[in-house]
Amino acid sequence: LIRVQAMAARPRVVEAGLWLFGASLPVSIAGANIGWAVAAAGLVLCAWERVPVVWKAWRGGLALPLGVFLAAAAAAALFGSAPYHTLENLQKDAHKLWVYALLSTAFTVVPPGRPIRAFAAGTAAAAVYGIVQWLGGLGHPALVPRAHAWLHPVTFGEQMAVAFCGAACWLADPANRTRLSWGFAALTGAALVMSNTRGALAAAAAGLFAVSLLVPRLRRAAAASGLLAVAALLAADLLAPQRSLILTLLGRGHDVTTASQGQFGRIYLWKAAWAMGWDNPVFGTGLGGFRLSLPAYVPPGTVFDGGETRVGHAHNLYLNHFAERGLVGLAALAWLLWVFAVRAARRALKIGDPLALWGLAATASFLVMNVTEAALNVELVWMLALFVWTASEAEARSS
């Protein structure tokens, strides 16, 4: 009996780690890292006590694309025009493969339901705090009120986009239309708008639109979700006149010192990344090379927001990879994201339960948010995307 109780305790250690991981994603990178470390320790204990674990689960899905992605990064580090920040960037890409393998294996021991509820609890706390921040900022006309809780506003907005997509996918099933579900959707939707992160709003719209188009029973909602998304984007843009694209286009926006600042500064970064890529087409400028190479690809004296002459990335994942990793790295990224999207779409079509739909919505959202940011380089964003994706994959495997 003691032996059986000890064996039963091992999966509980894995579950505790996944709870902490999920709850910490909207709150703290340190908490999330401690969470996966606890889950890994639980898996080691399972192996020691010979508790059943499907160890080969990590091999399917994204393992090979992530391995090729890491190899392409190593090639860019070795053969790129300069070895900028090589070890730092390589360990970040290796971390993606590790977290994917860990989550895929851990979800064979622990069902995803409770860790997802832990994520929802952490998200609700972050959303409430973010909304309070936004309301408090209304009294300061010189400031741009943006909900962000304990994170950067963009990171916060991208996480709220994924969480709101999850709430909408649960509400797509009439059996899940409870007051709690509606309240969570309203809370995360409000926090998303108040983050004033337009890329995140577009990402949420893309996620819901993808689900509406792909799932036959939800196609009637496609037009409504599209109109709602446009209204939300307009509202978020006009809620912060200092950052408004609409007002800038109308000539009534916030004055900036140079054209490279303000709402259209990204155009300079995108042009620079495009030129860098074609100057170093095979392996790019090297990992982290965008920042150091940027001054050579913009007009002399160009200054970006904050008075900076250098920016860390192109604010577009795809162009940034082309610039730093060349066509080899871009091809590896394309294959990774293709598998990421196709498997999510197949799960949604085959199963169609809320978690499978959320897996698709989160995937589509992730692809779109990388158009204006490099979410694949932000740990709390890509770990959330993998958390939802692997949970959905585990649910599909067990059904």
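Just above, that's the structure.
So, how was this worked out
- Residues numbered from 1 in each chain as written.
- Predicted model: local features only at pLDDT ≥ 70, side-chain atom pairs only at ≥ 80, totals over all residues.
- Heavy atoms only, no water.
- Core = buried A, V, L, I, M, F, W, Y, C linked by side-chain atoms within 4.5 Å.
- Buried < 20%, exposed > 50% of the residue type's maximum accessible area, 1.4 Å probe, protein only.
- Helix = DSSP H or I, 4+ residues; strand = E, 2+ residues; numbered from the N terminus.
- Contact = heavy atoms within 4.5 Å.
- Salt bridge = Lys/Arg side-chain N within 4 Å of Asp/Glu carboxyl O.
- Expected span 1.5 Å × (residues − 1).
- Arc of directions from axis to C-beta.

With that settled, the discussion passes to the nonpolar core. Nonpolar side chains in soluble globular proteins tend to end up buried together. Among the nonpolar cores identified, the biggest contains 90 residues, and Leu-25, Leu-62, Trp-358, Phe-366, Met-383 and Phe-387 are the most heavily contacted of them. Among the elements that line this core, the one with the most residues is helix H15 (residues 379-398), at 12 residues. Apart from residues lying up to four places away in sequence, Leu-25 is in contact with Ala-32, Phe-119, Leu-151, Gln-159, Leu-380, Met-383, Leu-384 and Phe-387. Within the second largest apolar cluster, 12 residues are counted, among which are Ala-272, Met-276, Phe-290 and Ala-323.

This next bit is on the pattern of salt bridges. Applying the stated criterion to the full structure yields 6 salt bridges. Glu-393 is the partner of Arg-343 in a salt bridge, and the nearest nitrogen-oxygen pair spans 2.5 Å. Pair noted here: Arg-343 is in helix H13 (residues 317-350) and Glu-393 is in helix H15, with a separation of 50 residues, a long-range link. Given a relative accessible area of 32%, Arg-343 falls into the partly exposed group. On the basis of relative accessibility, which here comes to 11%, the residue Glu-393 falls in the buried class. Sharing partners across several salt bridges, the network here consists of Asp-93, Lys-96 and Arg-325.

What follows covers helix H11 (residues 265-279). For H11, spanning 15 residues, the distance from its first C-alpha to its last is 22 Å, which sits close to the expected 21 Å at 1.5 Å a residue. Listed in full, the buried residues belonging to H11 are Gly-265, Leu-269, Ala-272, Ala-273, Met-276 and Gly-277. Mapping the buried residues of H11 onto a view down its axis gives an arc of 135°, with all of them on the same face. Residues of H11 that are buried sit in contact with helix H12 (289-293) and H13.

Fair warning: the whole summary comes from geometry, so function is off the table for now.
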